[in-house]
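# Architecture at a glance
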Amino acid sequence: MSHQTFNTIIHARWLLTVESSEILQHHSVAIKDGQIAAISPTNETSDWAADEVITLDEHVLMPGLINLHGHSAMTLLRGYADDLQLMDWLHNHIWPAEGKHVDDAFVYEGSLIGMAEMIRSGTTTINDMYFYHRAVARAGAEAGMRTFVGCSILEFPTNYAQNADEYISKAMVEREEYLNNELITFTLAPHAPYTVSDETFKKITDIALKNDMLVHCHIHETMDEVNDSVRDHGKRPLARLNDIGFLENKLIAAHMVHLTDDEIALTASKNISIAHNPNSNMKLASGIAPIAQAMAAGVNVGIGTDGAASNNKLDMLNETRQAALLAKVGTLNPTDVPAFQAIQMATINGAKALHMVGKTGSIKVGKQADIIAINMAALETVPTFDVISHIVYAAGREHVTHTWVNGQCLMKQRQLLTLDETALKAMAKKWQTRIESSR
């Protein structure tokens, strides 16, 4: 008998490919050169051989979770300022703390800690937004995470740059260093309509279209943002951005909490993807985003955690559960955002938003092996009548046992393999001491 040889074979009790909602029983996935090379019923794999064979008799294998909006480095500000309105939180607490502490080391070490938390939560891709882009990229490469480095752009000075032009020029220079790294992709990330001018939005659009770059921006997060835009510009933020051509980008709009039916239709017509952040929206009392209505209108909606300073967890399984529950509360319809649709939001929809649906977001031969395993035999997940229901409504991040990105195992039986947990805790302690002493 001729053997098919792979790098890794995973035999699992259940397989959810997300290509469909079907749960495959007793199936195996073979990984070779970072890709999913074969999928088969386990009893038909006798001719398979591999360097490593992993048997997970009580687990479900599924695509890795895609965190569509985060600020990884802000893990170092977890719990620093809580129970506040967004503008109070930003102006009086977060921005002053960032002004005192944010530098290359803060971003690199904070991003490593955040990425470790995400890997332990089954997240394989992060769509980030922050400063010191090299530091984020370096952390992503070291962690082995698929990392979209969103280069923050503002009009006002920070420790990183003095004005919008400097933010943009730094982004484009640093992007060059990572063009050949398949795990690292740079995007342009104007912070929000209330911190970026029309002229800068136009500049970003020109550069993004010319270089085929994704754009990532906070939009319509709070009612104050919308009302202030009407006062200052005579129109709501989305209308203003549409009028200056910004919506022609490959755009990921974070939050989009306050949308009219016409704005939902515009979002769909422009192929804008929404990064829905239910926990952050609840914690900052921003509101309930109309995601069920948006998806019904054809808008692609993924899920993000936002930063640990406003969540305070980077837990995509929890976020997926909250997305499903909050949608039901928002419409008073328990059939809105059923469990499988919530899983799609956290996986394949995120891949669509990042324009990499051919690479990740589902388990399919030819895609990269971004895969996680969840233990369904824990006390909290038995009896298991419905695996899909359990992934969303019962399982927690503590039940994620394995995380693979590009075929590389980043976590095995809850143990991090690319990062040193003890060293990360020491980093966090060091920063806590430094930040507390300067309050």
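See the structure shown above.
## Thoughts on the packing of aromatic side chains
- For the structure on display, the rule yields eight aromatic pairs.
- Among the aromatic residues, those joined into a ring-pair cluster are Tyr130, Phe131 and Tyr167.
- Lying over the aromatic face of Tyr108, Arg138 brings its terminal NZ or CZ to 4.5 Å of the ring centre.
- A cation over an aromatic ring shows up here: Arg439 above the ring of Tyr80, its NZ or CZ 3.9 Å from the ring centre.

## Comments concerning the pattern of salt bridges
- For the coordinates displayed, the defined rule picks out 23 salt bridges.
- Among the ionic pairs, Glu177 bridges to Arg134, the shortest N-O distance being 2.6 Å. Placement of Glu177 in the loop between helix 4 (164-176) and strand 8 (184-190) and of Arg134 in helix 3 (residues 133-143) is noted, with a sequence separation of 43 residues between them.
- Its relative accessible area of 33% is what places Arg134 among the partly exposed residues.

## So, the state of the cysteines
- Taken as a whole and assessed by the stated rule, the structure comprises zero disulfides.
- Cysteine Cys151 is unpaired, with the sulfur of Cys217 as its nearest cysteine sulfur at 14 Å.
- According to the relative accessible area criterion, Cys151 is buried, its value standing at 0%.
- Under the relative-accessibility criterion, Cys217 is labelled buried at 0%.

## Focus on unusual backbone geometry
- The omega torsion across Asn311 and Asn312 is 15°, close enough to zero to call that bond cis.
- Looking along the chain, the bond that leaves Val382 and enters Pro383 is cis, with omega of -5°.
- The topology assignment puts Pro383 in the loop between strand 13 (371-375) and helix 14 (387-393).
- Residue His220 is not a glycine yet carries a positive backbone phi of 50°.
- By the element assignment, His220 lies in the loop between strand 9 (214-219) and helix 6 (223-233).

## Details of the nonpolar core
- Counting 119 residues, the largest nonpolar core has Phe106, Phe246, Ile374 and Ile391 as the members making the most contacts within it.
- With sequence-adjacent residues up to four places away left out, Phe106 is seen in contact with Ala73, Leu76, Leu77, His101, Ser111, Tyr130, Trp431 and Ile435.
- If you look at the next biggest cluster of nonpolar residues, it comprises 16 residues, including Ile10, Leu15, Ile54 and Leu61.

Cut-offs and rules
- Residues numbered from 1 in each chain as written.
- Predicted model: local features only at pLDDT ≥ 70, side-chain atom pairs only at ≥ 80, totals over all residues.
- Heavy atoms only, no water.
- Phe/Tyr/Trp six-rings, centres within 6.5 Å; stacked < 30°, edge-to-face > 60°.
- Lys NZ or Arg CZ within 6 Å of the ring centre and 35° of its normal.
- Salt bridge = Lys/Arg side-chain N within 4 Å of Asp/Glu carboxyl O.
- Helix = DSSP H or I, 4+ residues; strand = E, 2+ residues; numbered from the N terminus.
- Buried < 20%, exposed > 50% of the residue type's maximum accessible area, 1.4 Å probe, protein only.
- Disulfide = S-S within 2.5 Å.
- Core = buried A, V, L, I, M, F, W, Y, C linked by side-chain atoms within 4.5 Å.
- Contact = heavy atoms within 4.5 Å.

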